[in-house]
Amino acid sequence: MATIRVQAAAFDVGAEISALTAGRADVGGIGCFVGTVRNTAGGRTITAMTLEHYPGMTERAMAEIAAQAEQRFALLGCTLIHRVGRLEPGENIVLVLATSAHRAAALEATAFLIDWLKTGAPFWKKETFADGAAAWVAAREEDDAAAARWGGA
Amino acid sequence: MSSAGTARLRILYFAWLRERVGTAEEEVEVPPGIATVADLVAWLKARGPGFAAAFTATKTIRCAVNQSFAGPEAPIATGDEVAFFPPVTGG
């Protein structure tokens with residue numbers, strides 16, 4: 001069973017890895033991706049990013065894709081944490097952890113999960129710029145292409 | 001219980017759709033003949049300027065029925081939760 005959380009609070013990557021691997025001697029590799037708030041977008045300075053989500057559907061969709069990844073890549077464990085609310089540059093946004101017996105499956109599963117999270121989970125980002133203006137982030141075609149390369153998810 | 005032919009729906013709006021419509025969620029009773037997501041969008045657009053503005057660019061609007069992604073042809077029925085939102089931008 002994957003660990004799925006949507007939360008306002010920051011997460012501790014080391015603590016999450018420890019929790020995922022505690023008591024497991026069968027793990028040979030841990031894939032890890034941490035998404036963070038960048039301080040620029042399109043050449044403009046960002047002072048904050050605010051994330052909104054669809055409570056209920058988000059957790060359900062994340063659990064479904066985690067279960068798919070566990071089966072497809074023969075994972076031993078998986079953690080998905082996504083933050084919501086107001087975040088500032090440098091803060092973490094999203095954590096993907098995948099454990100497997102061997103590195104290839106752990107790394108591939110991590111890429112699959114973050115590609116899918118960007119296109120299939122109901123989160124929306126709003127950027128606040130240095131001049132006080134704010135705008136919703138538009139979806140990127142590259143993200144759709146990145147998710148599509150894994151086939152129907 | 002809704003009266004004959006009408007459907008009672010819970011409708012949710014997210015991100016810029018929520019801002020343009022001016023509400024995050026509402027309970028609505030839709031008239032007979034609203035059988036699909038596309039029918040519902042057409043009905044919502046006629047409710048006022050905020051709705052018309054929100055639903056102009058239908059290509060950039062996504063929908064979920066009962067928390068699963070749904071296309072314009074997806075059927076809707078009384079008791080359903082229908083959500084409208086822009087393409088997702090998480091991760």
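Residues numbered from 1 in each chain as written. Chains lettered and ligands numbered in written order. Predicted model: local features only at pLDDT ≥ 70, side-chain atom pairs only at ≥ 80, totals over all residues. Heavy atoms only, no water.

We now examine the overall build of chain B. Per the secondary structure count, chain B includes 3 helices and 5 strands. Each helix and strand of chain B, placed in order from N terminus to C terminus, yields the pattern β-α-β-α-α-β-β-β. Computed over C-alpha atoms, the radius of gyration of chain B comes to 12 Å, within 12% of the 12 Å expected from 2.2 N^0.38 for 91 residues, which places it in the range of a compact globule. When the backbone C-alpha atoms are referred to their principal axes, chain B occupies close to 40 × 30 × 20 Å. When each of the 91 residues of chain B is scored for burial, the buried share is 48%. Considering only contacts in chain B between residues 6 or more positions apart, those separated by 24 or more positions represent 56%. When the accessible area of chain B is evaluated, it comes to approximately 4300 Å², of which 57% is carbon and sulfur surface. (Helix = DSSP H or I, 4+ residues; strand = E, 2+ residues; numbered from the N terminus. Rg over C-alpha atoms; globule rule 2.2 N^0.38 Å. Buried < 20%, exposed > 50% of the residue type's maximum accessible area, 1.4 Å probe, protein only. Contact = heavy atoms within 4.5 Å. Areas by Shrake-Rupley, 256 points an atom, 1.4 Å probe, with all protein chains shown as cover.)

Residues and elements named next belong to chain B. Even without glycine at this site, Asn66 takes up a positive phi of about 50°. Within the element layout of this structure, Asn66 appears in the loop between β3 (62–65) and β4 (68–70). A positive phi angle, near 70°, is found at Gln67, a position not held by glycine. Following the sequence through the fold, Gln67 ends up in the loop between β3 and β4.

Residue and element names in this part refer to chain A. The geometry of helix α3 (residues 103–120) relative to helix α4 (residues 141–148) is characterised by a closest axis approach of 8 Å and an angle of 130° between their N-to-C directions. As judged from the angle between their axes, α3 and α4 are oblique. For the crossing formed where α3 meets α4, the hand is left-handed. Each of Asp115, Lys118 and Thr119 in α3 lies in contact with α4, whose residues at this interface are Asp143, Asp144, Ala146 and Ala147. Its residues placed into classes, the contact of α3 with α4 shows 2 nonpolar, 1 polar and 4 charged. (Axes fitted to C-alpha atoms, helices over the stretch in contact; angles between N-to-C directions. Parallel < 35°, antiparallel > 145°, perpendicular 65-115°, else oblique. Left-handed = near helix turned anticlockwise from the far one by under 90°. Nonpolar A, V, L, I, M, F, W, Y, C, P; charged D, E, K, R; others polar.)

What follows concerns the sheet that holds β3 of chain B. All names here are of chain B. Taking strand neighbours across the sheet as the criterion, the 5 strands line up as β2-β1-β5-β3-β4 in an open arrangement whose pairing is mixed. The open sheet terminates on both sides in strands that have one partner only, identified here as β2 (25–30) and β4. Between one strand axis and the next, the sheet turns by 35° as a mean value, whatever way the strands run. Here 3 bridges tie β3 to β4, and the two strands are oriented antiparallel to one another. Within the sheet, the bridge partner assigned to Ala64 lies in β4 and is Phe69. Most of the contacts of helix α2 (residues 37–45) go to strand β5 (residues 81–85), to which it runs at about 70°, and overall it touches β1 (7–13), β2, β3 and β5. (Pairing = 2+ DSSP bridges.)

With that out of the way, let us pick up the sheet that holds strand β2 (residues 29–36) of chain A. All names here are of chain A. Pairing is mixed across the open sheet formed by 4 strands, whose spatial order is β1-β5-β7-β2. Looking at strand neighbours, the two that pair on one side only are β1 (3–7) and β2, the edges of this open sheet. Pairs of neighbouring strands in the sheet enclose a mean axial angle of 5°, with direction left out of account. Inspection of the sheet shows strand β5 (residues 77–83) paired to strand β7 (residues 92–100) by 6 bridges, in the antiparallel sense.

By convention, interface size is frequently given as the accessible area that disappears when the constituent parts associate. Taken together, the contact pairs 20 residues of chain B with 25 residues of chain A. Interface area, chain B with chain A, both sides summed: about 1800 Å², of which 57% is carbon and sulfur. Between the two partners, chain B and chain A, sit 2 salt bridges. A salt bridge links Lys126 of chain A to Glu19 of chain B; the nearest nitrogen and oxygen atoms lie 2.6 Å apart. (Buried area = accessible area lost by both parts, 1.4 Å probe. Salt bridge = Lys/Arg side-chain N within 4 Å of Asp/Glu carboxyl O.)

By themselves, these observations are geometric and do not establish any function.
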